[in-house]
Structure formats: structure tokens, C-alpha cells
Amino acid sequence: HSFPTRRSSDLAWPRALHVASDTKTPAMISAAFGVYRRVSARPELLSLARSEETGGIFRGFGLEHDGAAVVAMPLFTRRRRLFGQVVLAVDGAALSDRAIGVVRALARLASASLENASRLAFARRDQDRLQLLSEASEEALWDWNRETNAFWWGGGIHRVIQSGGEVIGTTPAWKEERIHPTDVDRVRASLERAVASTEAGWRCDYRFRRHDGTWAHVEDRAYFQRDSDGRVYR
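This section reports on the structure supplied with the text.

What counts, and at which threshold
Residues numbered from 1 in each chain as written. Predicted model: local features only at pLDDT ≥ 70, side-chain atom pairs only at ≥ 80, totals over all residues. Heavy atoms only, no water. Helix = DSSP H or I, 4+ residues; strand = E, 2+ residues; numbered from the N terminus. Buried < 20%, exposed > 50% of the residue type's maximum accessible area, 1.4 Å probe, protein only. Polar contact = N/O pair within 3.5 Å; in protein donor to acceptor, adjacent residues only side chain to side chain. Contact = heavy atoms within 4.5 Å. Core = buried A, V, L, I, M, F, W, Y, C linked by side-chain atoms within 4.5 Å. Expected span 1.5 Å × (residues − 1). Arc of directions from axis to C-beta.

Some remarks on the side chain of lysine 175
Structurally, lysine 175 can be placed in helix 6 (residues 172-177). Overall, lysine 175 belongs to the buried group, its relative accessible area being 9%. For lysine 175, the side chain forms a polar contact with the side chain of aspartate 220, separated by 2.5 Å. The contacts of lysine 175, once residues within four sequence positions are left out, are Trp142, Phe151, Trp153, Tyr206, Phe208 and Asp220.

Listed below in C-alpha cells is the structure:
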């Protein structure tokens, strides 16, 4: 199983190559790269036979016997971008249809797993950035995932409500409960209209209850993330 990193240098391959053996020789790394070049040129199941042209690949994997086989399956993201390969190299016996089916299954699992890991890494990066912004901001920041109903507060929320150490709620209901009773219907209707429209964002002025029962006059702003159907999910 091998896949390239974003860097194209040879130094990236030793870190990206995973094999059943504890040994990762330069020849093996070169062989994996040679297979990937062929997969990149024609991104579909690749079955290599030993020939003068492919001899270096077979030698790199240590396949010296007749009947050795190399099969590679490309890895794709959900958007069909090629980003790696699963390689099965067998010494001494040609691959059966069942074995090729295993390669296909491995490729599907590897594609999903590696892309999910990449998405998680980007999500953690974005979370770190949001945390830095939150700590540097005097404004109250909030993030609402409408699919899970998870609600996050950051920034200067404690300053805005003069909380005195009050525990901040993690649902949109907590926020709505603190809106002035004569403002809440107007605010809710305004947000629902914006969500149902094609607008990129929303803003509204209203009164927000502080910890001591007094009211802060706030300007609330939201920016929407929409899916391909225009539905707001965050």
C-alpha cells in the first residue's frame, strides 16, 4: 500500500510507503513510484506482467520468480481526484479473480479512511484557527451546526453578558432564551427568512440579557455555509 504526499520529492515517498515488510529499500520505494506513475497515466485497475519495461518494478519488490504478479488499484477522493494507490505484489503465483477483488475492496476502504483522516486534519486546523480568533476577539463569537444542533460560544461572550463565571449554554435554545421577550419573535422570524433565502448572511439588532438581569443592546451577525442545494447546514 503506497500513496504520495503533497510533495513530489523522492524524500516524501519513504514516509508515505507502507508495506508488509519491515524493510523499505530505495529500490522498493522506486518500484512503488514506478507503479504510481502508470496508475496516474491511466487511473484504473493496473495489472503488470514481468517484461523488460517493468523488470525494475518487479526487482524492486523482490519478485524474482516466474508467475509473480503486481496489481495496483488507484485511490480516489469523493470528487474522483487521484491521490494514491493500493498495491498487491505476489511472488510465485498469479493473482486470482478473488485476490483482485480483495485489492478493489482494500482500495475502497483505504480511499475512505485516508480522505476522512485528511478531512479531520483540516478540521482540527480550522478549529485551532477559530480558537486563536476567539481568544483575540472582544466580540462574542458563536458557531451553530444545524445538522447536529451543536452550538459553540467563544470570544468575548463572558464580557458581553458580564457572566460572573456563569456556565455558557451549548445549544441555540440557551441563546434564544436570553433574547428580550419582545424581541425574540422578530429575531427568530428574521433568521428563518434569511436561512430560507439565498442570502449569504444575516444581521439583526436586539436586546440580550446579562447575568445580572440587565439588557445589552447587541448587533448579531451570521454568515451561512450552504450545501449544493442551497440548504444552510452551518
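Now that the structure has been shown, the text picks up again.
A closer look at the nonpolar core
Of all hydrophobic cores here, the largest spans 23 residues; its most connected members are Trp153, Ile161, Trp202, Tyr206, Phe208 and Phe224. Looking at this core, the elements with two or more residues in it are strand 5 (150-155), helix 5 (157-161), helix 7 (184-196), strand 6 (201-209) and strand 7 (215-223). Once residues lying within four places of it in the same chain are set aside, the contact partners of tyrosine 206 are Lys175, Ile179, Asp183, Arg186, Val187, Ala216, His217, Val218 and Asp220. Ala31, Val35, Leu46 and Val87 belong to the second-largest nonpolar core, a separate cluster that totals 18 residues.

Remarks on helix 7
Along its 13 residues, helix 7 runs 18 Å from first to last C-alpha, staying within 8% of the 18 Å computed at 1.5 Å per residue. Inspection of helix 7 places Val184, Val187, Ser190, Leu191, Ala194 and Val195 among the buried residues, and these make up the whole buried set. All buried residues of helix 7 lie within an arc of 135 degrees about the axis, which places them on one face of the element. Exposed residues pointing more than 90 degrees away from the buried face of helix 7 are listed as Asp185, Glu192, Arg193 and Ala196. Elements that come into contact with the buried residues of helix 7 comprise strand 4 (140-145), helix 6 and strand 6.

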